[in-house]
Amino acid sequence: MKIFIDTANPDEIRKAYEMGVIDGVTTNPTLISKEGKPFDSLVHEICSIIGKLPISLEVISLKAEEMIEEAQKLSKIGENIVVKIPMTSEGLKAVKILVGQGIKTNTTLVFSPAQALLAAKAGTTYVSPFIGRLDDISQTGMELVEQIVTIFENYQFESQVIVSSIRHPVHVLEAALIGADVATVPYKVIEQLIRHPLTDIGIERFLSDWKKVPKK
Ligand code: E4P
């Protein structure tokens, strides 16, 4: 399973990139706004860190024509740009045209298997089911991922599933067990995935035992 980092924070992206654990980046308007920097310079800063790894940038238009214009501008930033398009009828129209133009798309704000099926039929490169937001309203988000993965396998759709809105390490584990293509993970959850108390205790014990080794 690929791991993307779900942030627009350059320091977090650099730290995860340097550990070699990320295969791409996803952002959204909320994450971009948290950085308090102009969009263009922020995106260039991120791209200078991740090189050719894919980065999803979201359009803010609601009409297909305007989404397409925005997407075309964004895609000029580099070959690694993936354009995030919201799951609406206008979004589907935009996806179909953009994919025909060779622009990669990430259909976002997917909350049902039927939405994912339609996005795949429109030819989207990625679909992003938001599992944490479903958990928040007492639905099991991971069931949605299972259903989408089954549908895509049943019909050999090439669209990849990005498990999104991840809140904790178990979400990542479950996504991997289901066989999702990608999990997009906040930096905090990457840190949680790294740590294990027995690893810390083990290091402490090895270091204290090492002190007992005669120096000569
Ligand atoms: C995915 O691409 C989105 O940026 C993200 O996962 C949304 O997560 P949230 O529900 O924590 O805002």
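Residues numbered from 1 in each chain as written. Predicted model: local features only at pLDDT ≥ 70, side-chain atom pairs only at ≥ 80, totals over all residues. Heavy atoms only, no water.

Student: Just checking my understanding: could you explain the site of the ligand for this structure?
Tutor: In the vicinity of the ligand, the residues found are D6, T26, N28, K84, F130, R133, S164, S165 and R167. With respect to the ligand, the side chain of K84 contributes an N or O atom lying 2.6 Å from an oxygen atom. Contact distances for the ligand include 2.7 Å between an oxygen atom and a side-chain N or O atom of R133. Burial of the ligand by the surrounding chains reaches 84%, relative to a free accessible area of 350 Å². (Near = heavy atom within 4 Å. Polar contact = N/O pair within 3.5 Å; in protein donor to acceptor, adjacent residues only side chain to side chain. Areas by Shrake-Rupley, 256 points an atom, 1.4 Å probe, with all protein chains shown as cover.)

Student: Even after reading the chapter, I still don't get the sheet that holds strand β7 (residues 160-163), so can you show me in this structure?
Tutor: Strand pairing in a sheet takes place through backbone hydrogen bonds and is either antiparallel or parallel in direction. Strands sit in the order β1-β2-β3-β4-β5-β6-β7-β8 around a closed barrel of eight strands; the barrel is parallel. Neighbour-to-neighbour, the strand axes of the sheet open up by a mean angle of 30°, direction not taken into account. Contacting β2 (24-26) and β3 (55-58), helix α3 (residues 39-50) crosses the sheet at an angle of about 170° to β3. (Pairing = 2+ DSSP bridges. Helix = DSSP H or I, 4+ residues; strand = E, 2+ residues; numbered from the N terminus. Axes fitted to C-alpha atoms, helices over the stretch in contact; angles between N-to-C directions. Contact = heavy atoms within 4.5 Å.)

Student: When you look at the packing of aromatic side chains in this model, what are you seeing that I'm missing?
Tutor: Two descriptors summarise a pair of aromatic rings, namely the distance from one centre to the other and the angle between the planes of the rings. This model, assessed by the stated rule, comprises four aromatic pairs. Grouping aromatic residues by their ring pairs yields a cluster made of F152, Y155 and F157. (Phe/Tyr/Trp six-rings, centres within 6.5 Å; stacked < 30°, edge-to-face > 60°.)

Student: Can you help me understand the side chain of N28 in this one?
Tutor: Looking at the element boundaries, N28 is found in the loop between β2 and α2 (29-35). The class for N28 is buried, based on a relative accessible area of 14%. Of the polar contacts made by the side chain of N28, one reaches the backbone nitrogen of L31; its length is 2.8 Å. With residues near it in sequence (within four places) discarded, N28 still touches E58 and K84. (Buried < 20%, exposed > 50% of the residue type's maximum accessible area, 1.4 Å probe, protein only.)

Student: Could you clarify how one ought to interpret a nonpolar patch on the surface in this entry?
Tutor: Residues M19, V21 and I194 make up a contiguous nonpolar surface patch of about 240 Å² in total accessible area. As for its position among the elements, I194 is in helix α10 (residues 187-194). (Patch = residues over 30% accessible without salt bridge, like charges linked within 9 Å, V, L, I, M, F, W, Y side chains within 5 Å. Salt bridge = Lys/Arg side-chain N within 4 Å of Asp/Glu carboxyl O.)

Student: Help me out: how do you make sense of the layout of surface pockets in this one?
Tutor: Any space left empty among the atoms is revealed by the rolling of a water-sized probe across them. Roughly 280 Å³ of volume is contained in the largest pocket. Around the largest pocket, the lining comprises 15 residues; the ones closest to its centre are D6, N28, L31, R133 and R167. For the lining of the largest pocket, the element with the most residues is α2, which contributes three residues. Here the lining of the largest pocket is built from residues that sort into four nonpolar, five polar and six charged. If you add up the space inside the second largest pocket, you get close to 200 Å³. Residue lining of the second largest pocket: T27, N28, P29, I32, F39, L57, E58, I60, E70, K73 and L74, and that is the complete set. Counting residues per element, the ones that place at least two in the lining of the second largest pocket are α2, β3 and α4 (64-75). Residue contributions to the lining of the second largest pocket peak at three residues, all from α4. (1 Å grid on protein atoms, 1.4 Å probe; cavity = no way out; pocket = protein on both sides within 12 Å on 5 of 7 lines; lining within 4 Å. Points joined across faces, edges and corners; volume = space filled by probe spheres on them. Nonpolar A, V, L, I, M, F, W, Y, C, P; charged D, E, K, R; others polar.)

Student: Help me understand helix α8 (residues 141-154), please; the structure alone is not making it clear to me.
Tutor: Along an α-helix, residues three or four positions apart point the same way, because every turn accommodates 3.6 residues. Look at α8: 20 Å from first C-alpha to last across 14 residues, which is about the 20 Å you get at 1.5 Å a residue. Residues G141, M142, L144, V145, I148, V149, I151 and F152 constitute the buried set of α8. Turning to α8, the residues buried within the fold contact β5 (104-110), α6 (113-122), β6 (126-129), α7 (131-136), β7 and α9 (169-178). Following α8 by one or two positions, Q156 adopts a phi angle in the positive range, close to 50°. (Expected span 1.5 Å × (residues − 1).)

Student: Got a minute to help me understand the pairing of β7 in this structure?
Tutor: Remember that side chains alternate between the two faces of the sheet whenever the strand is regular. Alternating positions in β7 separate into two faces, Q160 and I162 on one and V161 and V163 on the other, with burial throughout. Direction of pairing for β6 relative to β7: parallel, over a ladder of two bridges. In the sheet register, V127 faces β7, and the bridge partner there is V161. Taking the sense of rotation as the criterion, the β-α-β connection linking β7, α9 and strand β8 (residues 182-185) turns out right-handed. (Right-handed = clockwise from strand over helix to strand, strands pointing away.)

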